[in-house]
Structures are given as C-alpha cells and as structure tokens.
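Next come the chains, spelled out residue by residue.
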Amino acid sequence: KHLPTSERRPHPNHPHRAQKRADGVAFARKLFNAPVKYVALEHPRSVLTAALGHPQFWCHPYWFGQPWQKKTGWWIKGGLPDLKPTGMIAPEMRKDKQGRPVNKWHRDTSGLPKAACSRTRSCLCKGMAKAIAEQWSAAVLRMEGYDDDISHDVAENVAPSPQIEVIHQRAGKGVSISITINI
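Structural notes, computed from the coordinates.

What counts, and where the lines are drawn
- Residues numbered from 1 in each chain as written.
- Predicted model: local features only at pLDDT ≥ 70, side-chain atom pairs only at ≥ 80, totals over all residues.
- Heavy atoms only, no water.
- Helix = DSSP H or I, 4+ residues; strand = E, 2+ residues; numbered from the N terminus.
- Buried < 20%, exposed > 50% of the residue type's maximum accessible area, 1.4 Å probe, protein only.
- Contact = heavy atoms within 4.5 Å.
- Areas by Shrake-Rupley, 256 points an atom, 1.4 Å probe, with all protein chains shown as cover.
- Pairing = 2+ DSSP bridges.
- Core = buried A, V, L, I, M, F, W, Y, C linked by side-chain atoms within 4.5 Å.
- Expected span 1.5 Å × (residues − 1).
- Phe/Tyr/Trp six-rings, centres within 6.5 Å; stacked < 30°, edge-to-face > 60°.

1. Points about the overall build of the protein
Per the secondary structure count, the protein includes 6 helices and 7 strands. Each helix and strand of the protein, placed in order from N terminus to C terminus, yields the pattern α-β-α-β-β-β-β-α-α-α-α-β-β. For the protein, with 183 residues in total, the buried portion stands at 35%. Contacts in the protein between residues far apart in sequence, at least 24 positions, make up 56% of those at least 6 positions apart. In the form shown here, the protein has an accessible surface area of approximately 11500 Å², with 55% of it arising from carbon and sulfur atoms.

The structure is reproduced here in structure tokens:
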C-alpha cells in the first residue's frame, strides 16, 4: 500500500487495474497534446498530476454554488483563464465517528451502488459548467479578436446557452477523464 503505484502487486480482484490506469493516462496525454487550439482537461486529484504535471488551477464545486467539495484540477492549453468563482458557498460537512469533519456529499454517495456512485461522482457540476460556458466562451471570443462589447453581445444574445461538448471517457475503475471543448 505504501509503495509507488508502479511497484505494487496487482490487486487480486482487479488484475488489470494498472494497465487500465496506464491506458487512461495515455489517453489524457494524447488528448491534451492534440493539435487543438484550446484545451481544458478536467480531472479530480489523481495520477494525472504525476503524468501531466500540476494543473493550471484547482477548484471545487462549492465555488460555483454546489454544496460539496471535490478538488478538481484543470490542465489548460491555449491561454484560457482560470475559472473565477461565481457563487461561493460553504461546503456541506458531516462528522465521522471520531468527530472529524468529512465531506457530506462524498459520504452520501458512498452508499450508492458502485455504478451509480461512479456516475454521480464523475459528473461535472452545473454551476461549474455554466462558469465554463460564460467565462471561457467570452475569453475565446476576445482571443480570436472580438472586442468586449461583441463578446458580451454574442454570449448574451446569439447563444443564450453556449454549447459545451463534454467527451467523457471511462478508462477503467478509478480513472475517469472529461474533456471540455468550448467553441
């Protein structure tokens, strides 16, 4: 348990876990290094930090009005800015048996069946998705030569709900990769 991941023995119930993790990391590298102008790769704390280096920034859903903690890293390419909090609230916490504070959302989802737990925990929160659409679409329009008035006009009037395409790749247990592309 205390050995580096590469030196651990295969788990008896999950003998292919290391290969699935390596495949997921290779997939993330390939996506991040794709010949695309703007890339924002999102993933909670994980092996990607070792593979891709530290993310440009970290954030939590409670920065965007959702009441839970989930430290989420963003690897950015193309000059997209860090997301600014849009509705900071205090995360909901509970006490564990020893009286220590724990993340309520994490505890609540732990009781779900495995598939539902994974699906629920891997979702991008609505508040963060809205911040991505608003902040990064405006940033891309500015970087592409539109002035602030046009960016605001396009974001507000032409596309009241900017399109967000989320590609979600399940690359084995414990490895989930989301790529958000804003156009």
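Continuing now.
2. Section: the pairing of strand β3 (residues 72-77)
β3 sits mainly inside the fold: 5 of its 6 residues count as buried. As paired elements, strand β1 (residues 39-44) and β3 share 6 bridges and run antiparallel to each other. Looking at the pairing, V39 lines up with K77 of β3.

3. Considerations on the nonpolar core
Counting residues in hydrophobic clusters, the biggest one holds 19 residues, and the most contacted among them are W74, L83, M128 and W136. For this core, the secondary-structure elements that each account for two or more residues are β2 (57-59), β3 and α5 (126-143). Looking at which element gives the most residues to this core, the answer is α5, with 5 residues. Membership of the second largest hydrophobic core comes to 7 residues, among which are V39, L41, L48 and W75.

4. Structural notes on α5
End to end, α5 covers 25 Å across 18 residues, agreeing with the expected 26 Å (1.5 Å per residue, within 8%). Of all 18 residues making up α5, 13 are buried, and the element is well covered by its neighbours.

5. Digging into the packing of aromatic side chains
Under the counting rule described, the total for this entry stands at 4 aromatic pairs. Judged by centre distance (6.5 Å) and plane angle (40 degrees), the rings of W63 and F64 are tilted. For the pair formed by W63 and F64, the shared burial category is buried. A centroid spacing of 5.2 Å and a plane angle of 85 degrees characterise the contact between W74 and W136, whose relative ring orientation is edge-to-face. Residue W74 is found in strand β3, and its partner W136 is found in helix α5; the two are separated by 62 residues along the sequence.

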